[in-house]
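Observations on the model geometry
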Amino acid sequence: MPQAASPASPALPVIAIHGGAGTLTRSHISPEQERAYHAALQAVLRAGQDVLAQGGSALEAVCVAVQALEDCPLFNAGHGAVFTAEATHELDAAVMDGSNLAAGAVAGVTRVRNPVLAARAVLQDGQHVLMIGAGAERLAQSAGLAMVAPDYFSTEARLVQLRAAQAKSSGAVLDHDGAAALAVSAQEGPLHEGRKMGTVGAVALDAHGHLAAATSTGGLTNKRPGRVGDSPLIGAGTYADDRTAAVSCTGHGESFIRVAAAHDVCARMAHGGATLHEASEAVVHQALAAIGGTGGLIAVDRLGQVCLPFNTEGMYRGLARVGQAPESFIYR
Ligand code: ASP
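Below, the discussion takes up the overall build of the chain. Assigned secondary structure in the chain consists of eight helices and 14 strands. Out of the 332 residues belonging to the chain, those deemed buried represent 58%. Excluding contacts between residues fewer than 6 apart, the proportion of contacts in the chain whose partners are at least 24 apart in sequence is 72%. Carbon together with sulfur atoms contributes 53% to the accessible area of the chain, which is approximately 12,100 Å² in total.

Right, here's the structure in full:
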């Protein structure tokens, strides 16, 4: 069952995170590996929780959490991002502030160490919402962000995954049907690395009643160079509005774009009177499912309700309310 945690108090600050959705390798992993994923998720949650406990903004909390997920080698955004069909990396990220609907996003960046911070720099600059490629990188550099050589993002495991996808291959879309199409490595985490979506994201409610969302990804393995997924598209993979919810998605990006998934959660609440839970479940299990879209999302509303639905076998995810122990989950 997806989690639908009730708020302990109407305005208790809370952060929720995800590290991608996908197919399980439950029978192949050791308890130690599983514990390592939970420890990583909980460390990220605590970092975000600390920001909120000190009265920091939801925007700050989601950026801190996503930056930590980008830097953590267990999750495949930032360092460890997937390869394009030409064995390069093109990273996408977005942030949105629900208090004023300010948003910033970057797509197709190759040299910014933390794409989520580049997205935040676009938001703070204020002139544009979505910037791509070299122009986005120049803005990030002039904002003082760390730049890296493109091979900073590369890992051997991701290259093996690209070659496997190309050998198999019919395209960029990962196989999420649970069939044993790719050999399962004993080194994998709880979700099959060849059939897991690599996005990370965070949503938060702060002590001032404001919501924010952030998402960052390397996209899909073997994607065409120039392809942009849902993650940096405001309304598709990322959305936040204090009046309704903050949402960050992970999954087959083309499907999330077609149903405007993140905004659809908010629209169902604003115009249809749905609760956070009803809206989130409907988007994942009805709107996305109707077009064969696989993945999940994390969402928080202004009452501190949290919903973490997905239609894959697993999704790395967790939540932490200020003053309470972080909780992390991988399987259904
Ligand atoms: N949604 C991302 C994309 O399509 C992939 C993911 O969630 O891992 O780019």
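Structure's up, so let's keep going.
Across the interface, helix H1 (residues 31-53) lies against helix H2 (residues 58-71) with an axial gap of 8 Å and an inter-helix angle of 160°. The pairing of H1 with H2 is recorded here as roughly antiparallel in orientation. The crossing of H1 and H2 is right-handed. Every residue of H2 that contacts H1 at Val 44, Ala 47, Gly 48, Val 51 and Leu 52 is listed here: Ala 58, Glu 60, Ala 61, Val 64, Ala 65, Ala 68 and Leu 69. Broken down by class, the residue content of the contact of H1 with H2 amounts to ten nonpolar, one polar and one charged.

Within the element layout of this structure, Arg 321 appears in strand S13 (residues 314-321). Residues Arg 321 and Leu 12, spaced 309 residues apart in sequence, show a C-alpha to C-alpha distance of 6.7 Å.

Before going further, it helps to spend a moment on the pattern of salt bridges. With the rule as written, the count across this model stands at seven salt bridges. Residues Arg 243 and Asp 241 are paired through a salt bridge, measuring 2.8 Å at the closest nitrogen-oxygen approach. For Asp 241, a relative accessible area of 8% corresponds to the buried category.

Time to look at empty space enclosed by the protein. Considering all chains together, one arrives at two cavities of 30 Å³ or more under this definition. Along the walls of the second largest cavity sit 13 residues, with Thr 199, Thr 217, Gly 219, Asp 230 and Gly 251 positioned nearest its centre. Considering only residue class, the lining of the second largest cavity consists of two nonpolar, nine polar and two charged.

Here we take up the nonpolar core. Core analysis: the biggest nonpolar cluster contains 52 residues, and Ile 15, Ile 17, Phe 75 and Val 95 have the highest contact counts within it. In terms of residue count, the dominant contributor to this core is H2 (eight residues). Membership of the second largest hydrophobic core comes to 40 residues, among which are Ala 21, Val 265, Val 283 and Leu 297.

Procedures and definitions
Residues numbered from 1 in each chain as written. Predicted model: local features only at pLDDT ≥ 70, side-chain atom pairs only at ≥ 80, totals over all residues. Heavy atoms only, no water. Helix = DSSP H or I, 4+ residues; strand = E, 2+ residues; numbered from the N terminus. Buried < 20%, exposed > 50% of the residue type's maximum accessible area, 1.4 Å probe, protein only. Contact = heavy atoms within 4.5 Å. Areas by Shrake-Rupley, 256 points an atom, 1.4 Å probe, with all protein chains shown as cover. Axes fitted to C-alpha atoms, helices over the stretch in contact; angles between N-to-C directions. Parallel < 35°, antiparallel > 145°, perpendicular 65-115°, else oblique. Left-handed = near helix turned anticlockwise from the far one by under 90°. Nonpolar A, V, L, I, M, F, W, Y, C, P; charged D, E, K, R; others polar. Salt bridge = Lys/Arg side-chain N within 4 Å of Asp/Glu carboxyl O. 1 Å grid on protein atoms, 1.4 Å probe; cavity = no way out; pocket = protein on both sides within 12 Å on 5 of 7 lines; lining within 4 Å. Points joined across faces, edges and corners; volume = space filled by probe spheres on them. Core = buried A, V, L, I, M, F, W, Y, C linked by side-chain atoms within 4.5 Å.

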